[in-house]
Amino acid sequence: GHLPLEAGPLARRIAAAGPDAASHQDDDPLFLDILNRIGPSVMTRQLARMHEAPKYYTWARQWLDDLDLQGSFYTKPVEHESGKGFGSTEAARGSLSDWIVIEDGKIENYQVVTPTAWNIGPRDGSGALGPIEQALVGSPVVDTSDPVELGHVARSFDSCLVCTVHAYDGKTGKELSKFVINGMV
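The present account deals with the structure reproduced in this document. (Residues numbered from 1 in each chain as written. Predicted model: local features only at pLDDT ≥ 70, side-chain atom pairs only at ≥ 80, totals over all residues. Heavy atoms only, no water.)

## Details of the nonpolar core
In this structure, Ile-132, Val-153, Ala-154, Phe-157 and Leu-161 together form the largest nonpolar core, which totals 5 residues. Ranked by residues supplied to this core, first place goes to helix 6 (residues 148-157) with 3 residues. (Core = buried A, V, L, I, M, F, W, Y, C linked by side-chain atoms within 4.5 Å. Buried < 20%, exposed > 50% of the residue type's maximum accessible area, 1.4 Å probe, protein only. Helix = DSSP H or I, 4+ residues; strand = E, 2+ residues; numbered from the N terminus.)

Spelled out as structure tokens, the structure:
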């Protein structure tokens, strides 16, 4: 079946814990152990994000050292009148994929699936909760008039997302809080 899946640092750390990693793959069983011991949480996601930083620094440093500064640095791409393209990468917040169709030199169709779409997607057609909704359900809130804990959960998935989070009372519709970051709402 289909399951809503979390994207981002914790998902990458769990994938890196897979068995029999090849020499070119990231082999890091630490977060599978952490997840098995304490489960997914704001702390687990933030630890995964912090754990990745030195790895990426080491890799980027090596890639920079491997550059041939005397070699060619640019190859002009061939521009086609018509065609289809696909690109996918692992961005800081999670999986990012783009699809494009070009006909007669014009974009006929373009689609992007962002990490935010993976993480904050709503319930699916079968009623399965999306990753952030799963994380929010049952989260303890100390002061319901200022549920800052919900902002922590949102930020653990996407550090920019909390700037757009507003908390409402589900029964009255009353806005409880806007999370303001550096004067931005």
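## Some thoughts on the pattern of salt bridges
Under the definition given, this model contains 12 salt bridges. Residues Arg-93 and Asp-158 are paired through a salt bridge, measuring 2.6 Å at the closest nitrogen-oxygen approach. Placement of Arg-93 in the loop between strand 1 (83-91) and strand 2 (94-103) and of Asp-158 in the loop between helix 6 and strand 4 (166-168) is noted, with a sequence separation of 65 residues between them. You can call Arg-93 partly exposed: its relative accessible area is 30%. In the salt-bridge network here, residues are joined through shared partners; they are Arg-12, Arg-13, Asp-26, Asp-28, Glu-52, Lys-55 and Glu-90. (Salt bridge = Lys/Arg side-chain N within 4 Å of Asp/Glu carboxyl O.)

## Things to note about the side chain of Arg-13
Relative to the elements of secondary structure, Arg-13 occurs in helix 1 (residues 9-15). Setting aside anything within four residues of it in sequence, one finds Arg-13 in contact with Asp-26, Asp-28, Phe-31, Ala-48, His-51, Glu-52 and Lys-55. (Contact = heavy atoms within 4.5 Å.)

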